[in-house]
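What follows is each chain in one-letter form.
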Amino acid sequence: MISTMYYLLPNLPYPYNGLEPFINAQTVKLHHDAHHLGYIKKLNVALESVQYPKIPLPDLLRNLREVPTSIRQTVRDNAGGFYNHNLYWEELVTAEQNIPEKLGKALKERFGDFESFKNKLIECSMSWVGSGWAWLYLDTQKNLQIGVTINHDNPLMEYCPLQGTPLLTLDLWEHAYYLQYKNDKKAYFDAFFQHIAWTYVEQLYLQAKQE
Ligand code: MN
């Protein structure tokens, strides 16, 4: 039992079977209750071990240099794993959603059309070797960008080659799809696009543009 709980596991916004057939209940349960929780537990233990101040998660990610070197890599991996999974579950929905106007227009302006955007994100994801996350993010110049980060890095994080505000992410770790899709990553990536909470992604986009 951790005496001073730093961070807690958020509940899923839908039941375990809420994303079927895209992701089956068994995969969601294991992914949320074991993997996601595991990152939070390890993060809490590391922060507790040095009595680190309690700060909002994005501030922790943006200021990794301030974390003692003895726990910095552990914090980088597990705070990243925590944040990325929070976004991943929140950005998914049970039924297909239309893209709201402002986000749709911005994607079209940046990538030509929606299919080009989708293909580019899938291409990046398919060509990535090993664990990581694919992103749609708003860079520091407020341009929409697509990219991939290694392990649990994300664009908020100090030291990350991509810098900006995360808007949409795709979990490229095998635990996200392997139980169900085995080595057919392409089928997992394609099905992902049927379950994106576009209204939520647009909220993040509009908020990030104003910051
Ligand atoms: Mn994962």
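Conventions we followed
- Residues numbered from 1 in each chain as written.
- Predicted model: local features only at pLDDT ≥ 70, side-chain atom pairs only at ≥ 80, totals over all residues.
- Heavy atoms only, no water.
- Domains from an automatic or database assignment.
- Contact = heavy atoms within 4.5 Å.
- Buried area = accessible area lost by both parts, 1.4 Å probe.
- Salt bridge = Lys/Arg side-chain N within 4 Å of Asp/Glu carboxyl O.
- Polar contact = N/O pair within 3.5 Å; in protein donor to acceptor, adjacent residues only side chain to side chain.
- Helix = DSSP H or I, 4+ residues; strand = E, 2+ residues; numbered from the N terminus.
- Nonpolar A, V, L, I, M, F, W, Y, C, P; charged D, E, K, R; others polar.
- Pairing = 2+ DSSP bridges.
- Axes fitted to C-alpha atoms, helices over the stretch in contact; angles between N-to-C directions.
- Donors = N, O, S within 2.8 Å, 3.2 Å for Na, K, Ca; no water.
- Buried < 20%, exposed > 50% of the residue type's maximum accessible area, 1.4 Å probe, protein only.
- Core = buried A, V, L, I, M, F, W, Y, C linked by side-chain atoms within 4.5 Å.
- Phe/Tyr/Trp six-rings, centres within 6.5 Å; stacked < 30°, edge-to-face > 60°.
- Lys NZ or Arg CZ within 6 Å of the ring centre and 35° of its normal.

A.B. asks: Pulling in residues and values, what's your account of the domain arrangement of the protein?
C.D. replies: Once the domains are mapped, the protein shows domain 1 (25-90) and domain 2 (101-210). On the side of domain 2, 24 residues touch domain 1, which itself brings 23 residues to the contact. With both sides pooled, the region where domain 1 packs onto domain 2 buries about 2200 Å², and carbon together with sulfur makes up 58% of that total. Run the count over domain 1 and domain 2 and you get two salt bridges. Of the charged contacts, one joins R76 and D153 as a salt bridge, the two residues approaching to 2.7 Å between their closest N and O atoms. At the junction of domain 1 and domain 2, the tally comes to 13 residue pairs in polar contact (both at pLDDT 80 or more). Of all the secondary structure elements, the ones that give two or more residues to the side of domain 1 that touches domain 2 are α1 (25-49), α2 (57-62) and α3 (69-90). Counting residues per element, the side of domain 1 that touches domain 2 draws most heavily on α3, which supplies eleven residues. For the side of domain 1 that touches domain 2, the class distribution of residues is eight nonpolar, nine polar and six charged.

A.B. asks: Explain the sheet that holds strand β1 (residues 132-139) to me, using residue names and the numbers behind them.
C.D. replies: Strand order in the open sheet formed by three strands is β2-β1-β3, with antiparallel pairing between adjacent strands. Edge strands, defined here as strands with exactly one partner in the open sheet, are β2 (144-150) and β3 (164-171). If you compare each strand with its neighbour and ignore which way they point, the axes differ by 30° on average. When β1 meets β3, the two strands line up antiparallel, connected through seven bridges.

A.B. asks: Mind laying out the coordination of the manganese ion, listing which residues take part and the relevant values?
C.D. replies: At 2.0 to 2.1 Å from the manganese ion lie its protein donor atoms, namely H31 (NE2), H85 (NE2), D171 (OD) and H175 (NE2). In the primary structure, the donors to the manganese ion are separated according to the pattern H-x53-H-x85-D-x3-H. H175 shares its class with D171; the two are buried.

A.B. asks: Just give me the short version of the nonpolar core, but keep the residues and values in it.
C.D. replies: Grouped together as the largest cluster of nonpolar side chains are 67 residues, with contacts concentrated most on F22, L60, V75, Y88 and F117. Among the elements that line this core, the one with the most residues is α3, at eight residues.

A.B. asks: How would you summarise the packing of aromatic side chains if you had to cite specific residues and measurements?
C.D. replies: Under the defined criterion, the tally for this structure stands at 17 aromatic pairs. Judged by centre distance (5.4 Å) and plane angle (40°), the ring pair of F111 and F117 falls under tilted. Each member of the pair F111 and F117 is classed as buried. Taken together, a centroid distance of 6.3 Å and an interplanar angle of 50° make the contact between Y177 and Y178 tilted. On the accessibility criterion, Y177 (4% relative accessible area) is buried. Through successive ring pairs, a cluster of aromatic residues spans F22, F111, F114, F117, Y177, Y178, Y181, Y188, F189, F192, F193 and W198. The side chain of K54 reaches across the aromatic face of Y6, ending 5.7 Å from its centre. Over the face of the ring belonging to F111 we find R110, whose NZ or CZ atom lies 5.1 Å from the ring centre.

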